[in-house]
Amino acid sequence: MVRSFELVLVMDERQQRAVESLDPSVRGRVHRIGRVGKFDVPDPYRLGPEAFEEAFTLIERGIGELENTLWSNA
């Protein structure tokens, strides 16, 4: 499934390595959401509403930074 996408976003480096290890041909298309800002998005599972809110804030930030970086010259 990953092969059919040009861009795959993951939350942290561990997930990036896991996806790339499943299919090394996707390297270069798998990136962390926080790639530009050099941050990971911690998994909020079982940590309560505040953790989900923080993850959402980081996801929004990362997507905005990627958008500005990748498509600012389009």
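For the structure, see preceding data.
What counts and how
- Residues numbered from 1 in each chain as written.
- Predicted model: local features only at pLDDT ≥ 70, side-chain atom pairs only at ≥ 80, totals over all residues.
- Heavy atoms only, no water.
- Helix = DSSP H or I, 4+ residues; strand = E, 2+ residues; numbered from the N terminus.
- Buried < 20%, exposed > 50% of the residue type's maximum accessible area, 1.4 Å probe, protein only.
- Contact = heavy atoms within 4.5 Å.
- Areas by Shrake-Rupley, 256 points an atom, 1.4 Å probe, with all protein chains shown as cover.
- Expected span 1.5 Å × (residues − 1).
- Arc of directions from axis to C-beta.
- Polar contact = N/O pair within 3.5 Å; in protein donor to acceptor, adjacent residues only side chain to side chain.

Draft legend 1. Structural view of the overall build of the protein. Along the backbone of the protein there are two helices and two strands. Secondary structure elements of the protein occur, N-terminal to C-terminal, as β-α-β-α. Overall, the C-alpha framework of the protein stretches about 35 × 35 × 20 Å when taken along its three principal axes. The buried share of the protein, reckoned over its 74 residues, is 27%. In the protein, the share of contacts with a sequence separation of at least 24, taken over all contacts with a separation of at least 6, comes to 39%. Total accessible area computed for the protein in this model is approximately 5500 Å², and 55% of it derives from carbon and sulfur atoms.

Draft legend 2. Broad picture of helix 2 (residues 49-71). For helix 2, spanning 23 residues, the distance from its first C-alpha to its last is 32 Å, which sits close to the expected 33 Å at 1.5 Å a residue. Residues of helix 2 that are buried include every one of Ala 55, Leu 58, Gly 62 and Leu 66, and no others. Tucked inside the fold, the buried residues of helix 2 contact strand 1 (8-10) and strand 2 (30-32).

Draft legend 3. Structural detail: helix 1 (residues 13-22). Taken together, the buried positions of helix 1 are Gln 16, Val 19 and Glu 20. Along the axis of helix 1, the buried positions cluster into a sector of 95°, meaning they face one direction only. Facing away from the buried surface of helix 1 by more than 90 degrees, the exposed residues are Arg 14, Arg 17, Ser 21 and Leu 22. The distance from a side-chain oxygen at the start of helix 1 to the backbone nitrogen of Arg 14 is 3.1 Å, and the residue carrying that oxygen is Asp 12.

Keep in mind these values describe shape, not function.
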